[in-house]
Each structure stands twice: as C-alpha cells, then as structure tokens.
Amino acid sequence: MKISRFAFVATAALLFSTLVPAQVSAADSNTFTKTVTVTRPDGTAYAGAQVALEIWDDVTQTRTVTPPVTTGSDGTATITADKTKLYVGVIAEPPVSDTTYALSESYDDVYNNNIDGPVAVQLSVANRRFNVQNADGTPAPAATGIFYPGTGATEVAHSWDEKNVHTLRTGAFGLDLSSTLSLGDYLLQIESATRDTQFTKSYGLKVIQENTIPTIYTTKYNTVALTPDSNGVYNLRFGGSNIHGSLKTPAGANFALPSGSKARLQFLPANSSGNPNYDYESQIDSVLAPINDDGTFNAYVGNPTAGKYFPVVYTSGSTQFASFIGDPIWVNSSLQYATSADGPFLSASAFNLNLRLPSAAGNQTAIKTPTISVKFEFDDTHEAIGGYFYVVSQGGSSYSYNTSSPSGQYTLNLPDGQYYIGEFAYDRRIGDIQGIVVNVVNGIATSVTRPWDPQTQLTPTNGVYVLTASHPNLVVRVVDPAHPE
C-alpha cells in the first residue's frame, strides 16, 4: 500500500472549517452509506459501472473491496459499509465491453470518512487497455492495484505522485496514460491485494516524442517493448518468487520464528560502496515477502540484473529475534544465483539460500545480542499500540526500515550510525508517536535519548525501551461549512 498519499492533511484547512459532531445513523449505528455518482468527462451520467469502496487492513496488510453495485440510468448507486473498517477510496469500473472509458478511483470524501454522504467519480477517456494476471497466467483478483502517470501528468517523481486505481473484476480494462509527460522514463506498477505470493511488478514507460502516449516496456529498464495481444490488450503479470530458502542459526541449524513474532524479507541491490542501497529507485522492485513460522521463505528479487544483492530481514513481536542484514548473494547476466561472486551459479529453481542470523562477537555459533528492543504502548493500560514502525538514519549512514506490527514490539540489529526510531499508529487519531534517537557503535546502542532532550539517557525496562502515548479522548472532524453533513 502506498500509504504516503494518506499520511498528511493540510492544517490550513482548519482555517476554513467548522467542528461538528459525527453523524450516527438512527437505523444502524454500525453501518454508513455512500451515494456514488459516476459521470463521463462531459458530466453526463454513466450507467452500468460497477462501484465499490476500497478497504485497507493495517494488521493483515491486505486490500479488499466492498461488494460491487451497479450504477443505474442516473449514474448513481448506493454502497452500505461497515463503520469499523478503514476505507481509502471509491472505485468505478466500466464493464469489460466498454473500450472508451478508464478504470477510475476517487479518494475525496472517502478516506477514513465513515459517515453517510455523496461521492462523485468522473471517468477519464482510456487510451490503452490492460489485463492483470497472476504470475502463472491466471486472472488476478479484484482489488489489484495499478500505479501510473495519468491524464494531465507532466512529471512524476515518485509512485505516490501517480494515479492509483484498483480493479473490481477480472478481464481487460482501460487506463488513461498521460500524453503530456516530458521526454524520459516512467513506470507503470501493478500491486497484488495480498502481496504475499504475487509480487509487485514494474513495467517501463518511455516518452520519446513530446505529446505522445508513452511506449510500454517489459521491465523498468526500457529495453524490450511489450506487445499487446490481438485485441490490443497489454497483459501484465505479477512477479513470482525466485529466491527460496530458510533461516538458519549461525551454527547452521534450522531457525523457527519465536512464538508471536513475524518477519519479512527484502532483497536490496548494492550501492557503489558495496552496501545495501536504500534509495527510492532501488526499492521500487524490492518487495517484502513473508517468512513462514518454520523459517522458510519464497521471496522475490524484482527485475534483477547482474550484481550483488543483500537480504534484509524485518521482524516484529519478539525481544530476541531481531531484524538484520544477511550475507549478500550475486546474480549473473543469465539471472542465475550464487552466494559468492565467483559462483557456482544456479537457476532460481535449483538455488536454495541458507540465510544465517548474525553471530555474536567472538562466538561464531551463537546468535548476536540485538542492538535495541523497543515497544510502543498506551501509558495507562499498557496495551500494545500497533502501527507502522520506522527507522531513519541520521549522521550520514545509509539505512531505512519500515514495517508493520500489531504488537508494537520491535527488535533491531543496526549498523553503526545514528538513527531516529518512531511509529505511526494504525489508529489515525494517535498518528505519529514521538520516538527516540539511538547512537550505535560496534553494533551496540551507546546512547538512547529523546530528540528534544539529548542530554538525558533513557533506561530500558527488562531490556526494552518502552515508548508511550495516551488514548485519544477527543474526535474532531473537519468539514466544509457549506456542506457540514
């Protein structure tokens, strides 16, 4: 999920807002309705479109949609939805027989806005048609995401600057690729609703002549053009796992995840210094794959080219099982894999990676003691605060960490450097929880302080740094004074 597009709200809007109590339906306080109106670009009603709300689940990191309903002759349809879920957009998809209009999605009046009200979606004219498939060629399910530079875009710096739409059915659909992009290279990405077995895939877009629709390529490297089928449809496929293996102790024994813990695995290319490259471009295809409870994994190196890659394991829920950067692997020009630059290189199906946990200093068979363990909880009840945990490097070192956990418990092995550690809570009423600044020397946290008080050293409780926030006790909704409903 490209959650960045939802993370911030302009505070200036408060100057033009009023505070009103949330509306509660007298008939059923657990549901709300959105009346969706779908129109063509000229404003006329569009009948026959399927509409639904996009649902995001923070805990499971999955996306679903409400049961689709079809717009009538007036272009409207009513969606009834559960108030307890997080809705992030309203989708309108023309039927597969419509080759004129594009799959569309609107986020206005929907994101985290579980109250009765109207929603408008205006369709765009499609200029290319696509069909998304699973890695094995079977149809991709509803809630598949597509990110691309849409109508009117001239420059697209990051994926969250792009159009972001999701499907409601299988089969072909239209998109409105921008014809006003500057000369250069761009991306079209597809993202699975679950992302655990069907991995995000990036396709290249290249503008070689101004005011033209970009050419579509099989990878982001823009070397081989993608050819549409006989119906003019571009078939896009998710990535399938190409790295298989299991976690091992430093001594080589199988390592199962401790009870209650979770882990994901990502492969990052090496930068010019030979270290993991955390910049945006390198992470476009670096998909997080789940590690099973028994320590096995089926992971994905996206759009690989010859070079060196680092396995990065992100953990949560345990004070002993820490995140870590593993020993690198190498890929050759034939897309074969090895644990040494000199080989032997094996095909993806034959290559099995034994990913060993870091060893303790002076004891190559013992698991290294974690650098730091952090837990986020409420200050009164001590309940865990689930959320998106992040680590940002400071002082020049290159490191970035971002994962999700309902437990609020995170344990890390960090390279030497200075870091800020925080969490963005699932509960949007809490938001960003103030974190800590950590200095790491020789793999040991030598200083742990608050950003506003660098002189006072924090003390862990039973080896864990506990960071707290209060339960929200005031809910404010910002509305347009002219339409306070």
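Read on for an overview of the structure.

Rules of the game
- Residues numbered from 1 in each chain as written.
- Predicted model: local features only at pLDDT ≥ 70, side-chain atom pairs only at ≥ 80, totals over all residues.
- Heavy atoms only, no water.
- Pairing = 2+ DSSP bridges.
- Helix = DSSP H or I, 4+ residues; strand = E, 2+ residues; numbered from the N terminus.
- Axes fitted to C-alpha atoms, helices over the stretch in contact; angles between N-to-C directions.
- Phe/Tyr/Trp six-rings, centres within 6.5 Å; stacked < 30°, edge-to-face > 60°.
- Buried < 20%, exposed > 50% of the residue type's maximum accessible area, 1.4 Å probe, protein only.
- Polar contact = N/O pair within 3.5 Å; in protein donor to acceptor, adjacent residues only side chain to side chain.

### Points about the sheet that holds strand β29 (residues 372-378)
Moving on, step 1. Taken in spatial order, the three strands line up as β32-β29-β36 in an open sheet, and their pairing is mixed. The open sheet terminates on both sides in strands that have one partner only, identified here as β32 (409-412) and β36 (465-469). The average undirected angle you get between the axes of adjacent strands in this sheet is 20°.
Moving on, step 2. Of the pairings in the sheet, the one linking β29 to β32 comprises four bridges and is antiparallel in character. Paired with Ser373 across the strands is Thr411, a residue of β32.

### Some points on the packing of aromatic side chains
When we look at a pair of aromatic rings, we describe it by the centre distance and by the angle of the planes.
Moving on, step 1. Overall, the coordinates contain 11 aromatic pairs when judged by the stated rule.
Moving on, step 2. Ring geometry for Phe376 and Tyr410: centres 6.4 Å apart, planes at 70°, overall edge-to-face. Within this pair, whereas Phe376 is found in strand β29, its partner Tyr410 is found in strand β32, the two being separated by 34 residues in sequence.
Moving on, step 3. Under the relative-accessibility criterion, Phe376 is labelled buried at 0%.
Moving on, step 4. The buried category is assigned to Tyr410, whose relative accessible area is 0%.
Moving on, step 5. With a centroid separation of 3.9 Å and an interplanar angle of 10°, the aromatic rings of Phe389 and Tyr410 are classed as stacked. Highlighted residues: Phe389 in strand β30 (residues 387-394) and Tyr410 in strand β32, separated in sequence by 21 residues. The same class applies to Phe389 as to Tyr410, namely buried.
Moving on, step 6. Through a chain of ring-to-ring contacts, the aromatic side chains of Phe376, Phe389 and Tyr410 assemble into a single cluster.

### Describing the pairing of β36
Moving on, step 1. Only one face of β36 is covered, namely the one carrying Tyr465, Leu467 and Ala469; the face carrying Val466 and Thr468 has none of its residues buried.
Moving on, step 2. Pairing of β29 with β36, which is carried by five bridges, proceeds in the parallel orientation. Looking at β36, one finds that Glu377 is bridged to Thr468.

### Overview of the environment of Asp74
Moving on, step 1. Structurally, Asp74 can be placed in the loop between β5 (69-70) and β6 (76-82).
Moving on, step 2. On the accessibility criterion, Asp74 (46% relative accessible area) is partly exposed.
Moving on, step 3. Sequence separation between Asp74 and Thr39 is 35 residues, and the spatial gap between their C-alpha atoms is 9.2 Å.
Moving on, step 4. Among the polar contacts listed, one links the side chain of Asp74 to the side chain of Thr76, at a separation of 2.8 Å.

### Looking at unusual backbone geometry
Moving on, step 1. With omega at 10°, the peptide bond leading from Gly343 into Pro344 counts as cis.
Moving on, step 2. Positive phi values are uncommon outside glycine, yet Ala143 reaches one of about 80°.
Moving on, step 3. Looking at where Ala143 falls in the secondary structure, it is placed in the loop between β10 (128-133) and β11 (145-148).
Moving on, step 4. The phi dihedral of His382 is positive, around 65°, even though this residue is not glycine.
Moving on, step 5. Considering the arrangement of structural elements, one finds His382 in the loop between β29 and β30.

### Remarks on the sheet that holds strand β2 (residues 31-39)
Moving on, step 1. Taken in spatial order, the three strands line up as β6-β2-β9 in an open sheet, and their pairing is mixed. Each having just a single partner strand, β6 and β9 (117-122) make up the two edges of the open sheet. When the angles between neighbouring strand axes are averaged without regard to direction, this sheet yields 30°.
Moving on, step 2. As paired strands, β2 and β9 are joined by six bridges and run parallel to one another. The partner of Thr39 across the bridge, within β9, is Gln122.

### Notes on the side chain of Thr315
Moving on, step 1. In this fold, Thr315 is placed in strand β22 (residues 307-316).
Moving on, step 2. In this structure the side chain of Thr315 is engaged in a polar contact, spanning 3.0 Å, whose partner is the backbone oxygen of Phe321.

### As for the pairing of strand β3 (residues 50-57)
Moving on, step 1. Within β3, six of the eight residues are buried, leaving the element largely enclosed by the surrounding structure.
Moving on, step 2. Two strands pair when backbone bridges link them, and β3 and β5 are joined in this way by two bridges, in the antiparallel orientation. Within β5, the position partnered with Gln50 by the bridge is Thr70.
Moving on, step 3. Bridging between β3 and strand β7 (residues 86-93) involves seven bridges; their strand directions are antiparallel. Within the sheet, the bridge partner assigned to Leu53 lies in β7 and is Val90.
Moving on, step 4. By the bridge criterion, four bridges tie β3 to strand β4 (residues 62-65) in an arrangement that is antiparallel. Across the sheet, the residue bridging to Trp56 is Arg63, located in β4.

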